[in-house]
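Residue-level listing of the chains:
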Amino acid sequence: MALSDKEIKEIITPLLLSGAKMLDRHCPQCGSPLFKLNGKIFCPVCEHRKKLGKSELKGVEESLIEKLNMLANTLPDDIDELKKYLEVMDMIITLLEKYKRREKTNET
């Protein structure tokens, strides 16, 4: 996901105004200048992408939970239909568990 020059300026300008120092080194992942603030060296573009990724995951997670709740609240009486519902619910739960694990690995 490439950011436009405008988006990059919107990320970098507040950093400069807050006293962050732009370093003469660049991020090995995206090529953006690295910054130093409060003793921490970081890439503002990659940090921004991480935040976007987390919010996208949250959106997917919320949609899956919503679908799971909808299915749970409309369980059919027919055994064959019930099996189908339960299979789909199991798949949703498995996906949610994968998202949780991915979130934990992204935090470290």
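For the structure, check the block above.
Rules of the game
- Residues numbered from 1 in each chain as written.
- Predicted model: local features only at pLDDT ≥ 70, side-chain atom pairs only at ≥ 80, totals over all residues.
- Heavy atoms only, no water.
- Salt bridge = Lys/Arg side-chain N within 4 Å of Asp/Glu carboxyl O.
- Helix = DSSP H or I, 4+ residues; strand = E, 2+ residues; numbered from the N terminus.
- Buried < 20%, exposed > 50% of the residue type's maximum accessible area, 1.4 Å probe, protein only.
- Contact = heavy atoms within 4.5 Å.

S.K.: Where do I start with the pattern of salt bridges in this structure?
M.R.: Oppositely charged side chains can form a pair if their charged atoms are brought close together. Counted by the stated rule, this structure contains one salt bridge. Here Lys 84 makes a salt bridge to Glu 81, at a shortest N to O gap of 3.4 Å. A residue pair is termed a helical-turn pair when its members lie 3 or 4 positions apart in one helix, as Lys 84 and Glu 81 do in helix α3 (residues 79–107) at three residues. Judged by relative accessible area, which is 33%, Glu 81 ranks as partly exposed.

S.K.: What am I meant to see in the environment of Asn 69 here?
M.R.: As for its position among the elements, Asn 69 is in helix α2 (residues 44–73). When the C-alpha positions of Asn 69 and Met 89 are compared, they lie 9.1 Å apart, and in sequence the two are 20 residues distant.

S.K.: When you look at the side chain of Ser 32 in this model, what are you seeing that I'm missing?
M.R.: You can see Ser 32 is positioned in the loop between β1 (21–26) and β2 (33–37). In this view, Ser 32 contacts Arg 25, His 26, Cys 27, Cys 43, Pro 44 and Val 45; residues no more than four positions away in its chain are not counted.

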